[in-house]
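Summary of the model geometry
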Amino acid sequence: MLSFDTTQTPPNSSVVNTHRILVVEDEDVIRDMIVLALEDEGYEITAVSDGRTALNLLQQDDKNPKTTETEFDMLILDLMLPQVNGLDICRLLRYQGNIIPILILSAKASETDRVLGLEVGADDYLTKPFSMRELVARCRALIRRQNLTNSSSSSVKQFRDITLYTQECRVTVGEEEINLSPKEYRLLELFMSYPRRVWSREQLIEQIWGPDFLGDTKTVDVHIRWLREKLEKDPSQPEYLITVRGFGYRFG
């Protein structure tokens with residue numbers, strides 16, 4: 001039977017969050033605990049118990065302007081859901097170009113399961129049982145990273161034949177548009193903002209995943225490899241994402 005640590009940092013009643021989070025979890029007790037923890041932090045929560053309802057809400061979101069009240073800033077997604085499972089939801093959202101930050105919740109804790117969740121488009125993966133304090137911290141980190149991306153001052157960044165459109169959250173190589181996960185996109189945006197600067201893995205974790213990230217720095221290497229496969233003509237001989245041995249990575 002799953003157990004959860006409900007210990008939380010006392011909420012700061014003077015801080016009001018304006019972010020809306022969609023929670024998709026079919027287990028009533030877990031869903032209610034998540035809703036309570038996040039509402040205590042000031043987030044506005046919509047909670048549903050099946051994948052079809054979640055997709056309907058998110059696809060309705062895509063049809064509305066950014067200023068509508070139905071928009072969500074983050075998705076907390078269980079994998080084992082009625083009607084449509086969490087992996088299929090991730091795949092569909094990313095295929096449609098939806099870059100909402102996604103935190104997967106799952107009792108599947110193997111490395112293969114975690115990698116699969118990230119590969120289909122999730123930004124983070126939290127295994128059950130988990131503490132509510134950690135859940136809240138991961139939500140803060142994902143929303144903070146998204147806000148930094150959205151506040152980029154330059155609407156278009158270009159390097160050789162790569163063009164990144166920050167207002168549209170899309171990337172083209174030559175004339176071809178490529179599909180990037182949110183983490184891949186943010187990595188590329190950071191690199192293109194500081195061409196030829198060398199970034200250590202720790203610095204990239206801090207910038208992209210945030211100080212609350214609890215995983216291994218090897219996740220940086222995995223995302224760099226995925227980026228190379230999408231950007232480089234020959235990923236084994238990269239022209240853009242260069243390894244600086246003993247230090248980290250640079251762009252260009």
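Not measured: the values here are computed from a predicted model. (Residues numbered from 1 in each chain as written. Predicted model: local features only at pLDDT ≥ 70, side-chain atom pairs only at ≥ 80, totals over all residues. Heavy atoms only, no water.)

Moving on to the confidence of the model for the chain. Mean pLDDT over the chain: 83, with 86% of residues reaching 70 or higher. Low pLDDT, under 50, characterises residues 9-16; the predicted model gives this stretch four contacts beyond four residues in sequence or across chains. Taken as a whole, residues 62-70 scores under 50 in pLDDT and shows eight contacts with residues more than four places along the chain or in a different chain. (pLDDT = per-residue confidence, 0-100. Contact = heavy atoms within 4.5 Å.)

With that settled, the discussion passes to the sheet that holds strand 7 (residues 162-165). Spatially, the four strands line up as an open sheet ordered 6-7-8-9, and their pairing is antiparallel. The open sheet is flanked by strand 6 (156-159) and strand 9 (176-178), the only strands paired with a single partner. Sheet twist, expressed as the average angle between the axes of neighbouring strands with direction ignored, equals 25 degrees. Examined bridge by bridge, strand 8 (residues 170-173) and strand 9 share three bridges and lie antiparallel to one another. Residue pairing for strand 9: V173 is matched across the bridge by E176. In the packing of helix 6 (residues 182-193) onto the sheet, the strands contacted are strand 6, strand 7 and strand 8, and the crossing angle to strand 7 comes to about 110 degrees. (Pairing = 2+ DSSP bridges. Helix = DSSP H or I, 4+ residues; strand = E, 2+ residues; numbered from the N terminus. Axes fitted to C-alpha atoms, helices over the stretch in contact; angles between N-to-C directions.)

Turning next to the pairing of strand 5 (residues 124-127). Sheet topology note: the strand 4 (residues 102-106)/strand 5 ladder contains four bridges and is parallel. Note that in strand 5 the partner of I104 across the bridge is Y125. You can see the chain leave strand 4, run along helix 4 (residues 111-119) and come back into strand 5, and the turn it takes is right-handed. (Right-handed = clockwise from strand over helix to strand, strands pointing away.)

Attention shifts here to helix 3 (residues 86-95). Along helix 3, the positions that sit buried rather than exposed are G86, L87, I89, C90, L93 and R94. Around the axis of helix 3, the buried residues are gathered within 160 degrees of arc, so they sit on the same side. The N-terminus of helix 3 is capped by N85, whose side-chain oxygen sits 3.1 Å from the backbone nitrogen of L87. Positive phi shows up at G97, right after helix 3, with a value of about 85 degrees. (Buried < 20%, exposed > 50% of the residue type's maximum accessible area, 1.4 Å probe, protein only. Arc of directions from axis to C-beta. Polar contact = N/O pair within 3.5 Å; in protein donor to acceptor, adjacent residues only side chain to side chain.)

A separate point is helix 7 (residues 201-209). Think of an α-helix as turning once every 3.6 residues; residues three or four places apart then point the same way. When we look at burial in helix 7, the residues that qualify are L204, I205, I208 and W209. Each buried residue of helix 7 lies within a common arc of 105 degrees when the element is viewed along its axis, so the set occupies one face. Just past helix 7, the residue G210 takes up positive phi, approximately 90 degrees.

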